[in-house]
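Summary of the model geometry
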Amino acid sequence: MKNESIAFIGLGAMGLPMARNLVKNGFAVTGYDLNPQALEALVQAGGKRAASAREAAADAGLVITMLPTAAHIRAALEGPEGALQSLSEASLLINMSTILPHETEGIAAVLAARGLRMLDSPVGRSAMEAERGTLLILASGAAADKARAEEALLCMGNQIIDCGEVGGGSRVKVINNFMGISLNALTAEALTLAEACGLSVELALQVMRGTIAGQGHMNITYPNKVLRGDLSAGFQVDLAHKDLGLALELASRSRACVPMGSAAYQSYTAARAQGRGGQDYSAIYPLMRSLAGLPEALPYTVDTPVNADPFGKSAAR
């Protein structure tokens, strides 16, 4: 049995497989959830059930919360049968829920006022990876607390990224989800447009898996252009604006609804208005930074190309 006993509060679609993986790897886990079926599933996996968050946290070294909202976390901690009644200075709270940074910092402040510590460690990836124990852990907090929690965290994930102080994990998780969820909507628009104009989804997938559309700007375009400080045109803003206009015309003729694409078109229009028409289309990034009032100089650059474009001329995107 591992040295630390663990209270796991929140046994939903993500929390239950995470708790089971802790049990599988030798931790003594006591769980609490409002759903009796989830508690029974944890017991069947070798864990224990508790009647309240307070009971679950009693004598636990690590107390993990995986709950839908900050309000649920606060209730689990501060309610009549909340875990705060059982936490001691030897306890470490690890919040793995996705909430806003200021909510994370507010919870950390409540704990700090009582002499208690917290890790802000939301997770990346899906319930499928939770089952496999291959989540991406976004750990933020004190270095000593990260080190203490590492063994347990690596039972639930196969990679930990150090996100700095408490709040850093929440910030990057919200931004990661912003991008992934938005790209999901754009992907749906693209496949719908393919079908609406008479193409098969299979053909669309075959093509887009072999271009930037499927390979991703984080992997290829940005590390090789704007993040190197290079805005020389591989694929011009003007051309991107023109091509996106063609797609919107096709969508109109095909009666396909493409709100994400329409919004993107306005961004390229703004870039042209700012005089960036001849720059690489990754110049959308400095445009957005200027609109946010950020300094002109990029805070980060890469020295060498990353995943250099294997598809030949950039303009072939």
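None of these values were measured; they are calculated from a predicted model.

The rules behind these values
- Sequence order sets the numbering: in each chain, residues are counted from 1 along the sequence as written.
- The predicted nature of this model means local features are confined to residues of pLDDT at least 70 and side-chain atom pairs, given and counted, to a pLDDT of 80 or more, with totals for whole chains, interfaces and linings taken over all residues.
- The side-chain values count all of the structure's non-hydrogen atoms but skip hydrogen atoms and water molecules.
- UniProt positions are given in the numbering used here, feature names are shortened, and annotations may be inferred rather than shown by experiment.
- Helix numbering and strand numbering both begin at the N terminus, where a helix is a DSSP run of H or I of at least 4 residues and a strand a DSSP run of E of at least 2.
- The buried label applies to any residue whose accessible area, calculated with a 1.4 Å probe on protein chains only, is under 20% of its type's maximum; exposed applies above 50%, and partly exposed to all values in between.
- Polar contact is the term for a pair of N or O atoms within 3.5 Å; when the atoms are in protein, one must be able to donate a hydrogen and the other to accept it, and sequence-neighboring residues count only if both atoms are side-chain atoms.
- An automatic or database domain assignment is the source of the domain bounds shown.
- We call a set of buried residues a nonpolar core when its members are Ala, Val, Leu, Ile, Met, Phe, Trp, Tyr or Cys and they connect through side-chain atoms within 4.5 Å of each other.
- Whether two residues are in contact is decided by their heavy atoms: any pair within 4.5 Å suffices.
- What counts as a salt bridge is simple: a side-chain nitrogen of Lys or Arg found within 4 Å of a carboxyl oxygen of Asp or Glu.
- Strands qualify as paired when DSSP identifies two bridges or more between them.
- Lines fitted to C-alpha atoms define the axes, with helix axes restricted to the stretch in contact, and inter-axis angles between N-to-C directions lie between 0 and 180 degrees.
- Assignment of crossover handedness uses the view with strands pointing away from the viewer, where a clockwise path from the first strand over the helix to the second indicates a right-handed crossover.
- An expected span of 1.5 Å times one less than the residue number is assigned to each helix.
- What we call the bend at a residue is the angle made by axes fitted to the seven residues finishing there and the seven residues starting there.

1. Examining the UniProt feature "domain: 3-hydroxyisobutyrate dehydrogenase-like NAD-binding" (unreviewed entry) in the protein
UniProt tags residues 167-287 as "domain: 3-hydroxyisobutyrate dehydrogenase-like NAD-binding" (unreviewed entry). Secondary structure content for residues 167-287 is 68% helix and 0% strand, and the end C-alpha separation is 27 Å.

2. Re the environment of Ser 200
With respect to the helices and strands, Ser 200 occurs in the loop between helix 8 (168-196) and helix 9 (201-208). Judged by relative accessible area, which is 33%, Ser 200 ranks as partly exposed. With 180 residues separating them along the chain, Ser 200 and Arg 20 place their C-alpha atoms 41 Å apart. A polar contact is formed between the side chain of Ser 200 and the backbone nitrogen of Leu 203, at a distance of 3.0 Å.

3. So, the UniProt feature "domain: 6-phosphogluconate dehydrogenase NADP-binding" (unreviewed entry) in the protein
According to UniProt, the positions carrying the feature "domain: 6-phosphogluconate dehydrogenase NADP-binding" (unreviewed entry) are residues 5-163. When the span residues 5-163 is considered, its composition is 42% helix and 23% strand, and the gap between its end C-alpha atoms is 25 Å.

4. Topic: the domain arrangement of the protein
Domain boundaries in the protein define domain 1 (5-171) and domain 2 (216-316). The C-alpha-based centres of domain 1 and domain 2 are spaced at 39 Å.

5. A closer look at unusual backbone geometry
In this structure, Asp 59 takes a positive phi of about 70 degrees despite not being glycine. Structurally, the position occupied by Asp 59 is in the loop between helix 3 (53-57) and strand 4 (62-65). Its identity as a non-glycine residue notwithstanding, Arg 255 has a phi of 60 degrees, on the positive side. Along the chain, Arg 255 falls in the loop between helix 12 (237-254) and helix 13 (259-273).

6. Observations concerning the nonpolar core
Judged by nonpolar contacts, the single largest core of 30 residues is most densely connected at Phe 8, Met 18, Leu 22, Val 29, Ile 94 and Met 96. Sorting the residues of this core by element identifies strand 1 (5-9), helix 1 (15-24), helix 2 (36-44), strand 4, strand 5 (92-95), strand 8 (135-139) and helix 7 (143-156) as the ones contributing at least two each. In contact with Met 96, not counting residues within four places along its chain, are Met 18, Ile 64, Thr 65, Met 66, Ser 121, Pro 122, Val 123, Ile 137, Leu 153 and Met 156. Counting residues in hydrophobic clusters, the runner-up holds 24 residues, among them Ala 7, Ile 9, Tyr 32 and Ala 70.

7. Examining the pattern of salt bridges
Tallied over the entire structure, the rule returns 12 salt bridges. Taking the shortest distance from any N to any O, the salt bridge between Arg 20 and Glu 131 comes out at 3.4 Å. With a gap of 111 residues between them, Arg 20 in helix 1 and Glu 131 in helix 6 (residues 127-132) connect regions that are remote in the sequence. A residue is classified by how much of its surface remains accessible, and Arg 20, at 27% relative accessible area, is partly exposed.

8. Looking at the sheet that holds strand 7 (residues 123-124)
Sheet architecture is open: three strands sit in the order 7-8-9, paired in mixed fashion. Either end of the sheet is taken by a strand with one partner, and the two such strands are strand 7 and strand 9 (157-162). As judged from the two bridges shared by strand 7 and strand 8, these two strands associate in the antiparallel manner. Each residue of the ladder has a partner; that of Val 123, found in strand 8, is Ile 137. Strand contacts of helix 7: strand 8 and strand 9, with the helix running at about 145 degrees to strand 9, the strand carrying the most contacts.

9. A closer look at the environment of Ile 175
The residue Ile 175 is located in helix 8 in this model. In this structure, the C-alpha to C-alpha distance between Ile 175 and Cys 163, residues 12 residues apart in sequence, is 13 Å.

10. Some details on the pairing of strand 5
Burial of strand 5 is two-sided: the residues Leu 92 and Ile 94 facing one way and the residues Leu 93 and Asn 95 facing the other way are all buried. Alignment of strand 5 against strand 6 (residues 117-120), held across four bridges, turns out to be parallel. By the bridge assignment for strand 6, Asn 95 is matched with Asp 120. A crossover links strand 5 with its parallel partner strand 6, the connecting element being helix 5 (residues 101-113), and its sense is right-handed.

11. Here's the deal with helix 7
When the terminal C-alpha atoms of helix 7 are compared, their 19 Å separation across 14 residues agrees well with the 20 Å that a helix rising 1.5 Å per residue should span. Along its length, helix 7 shows its largest kink, about 55 degrees, at Glu 150. Looking only at helix 7, the buried set comprises Asp 145, Lys 146, Ala 149, Ala 152, Leu 153, Cys 155 and Met 156.

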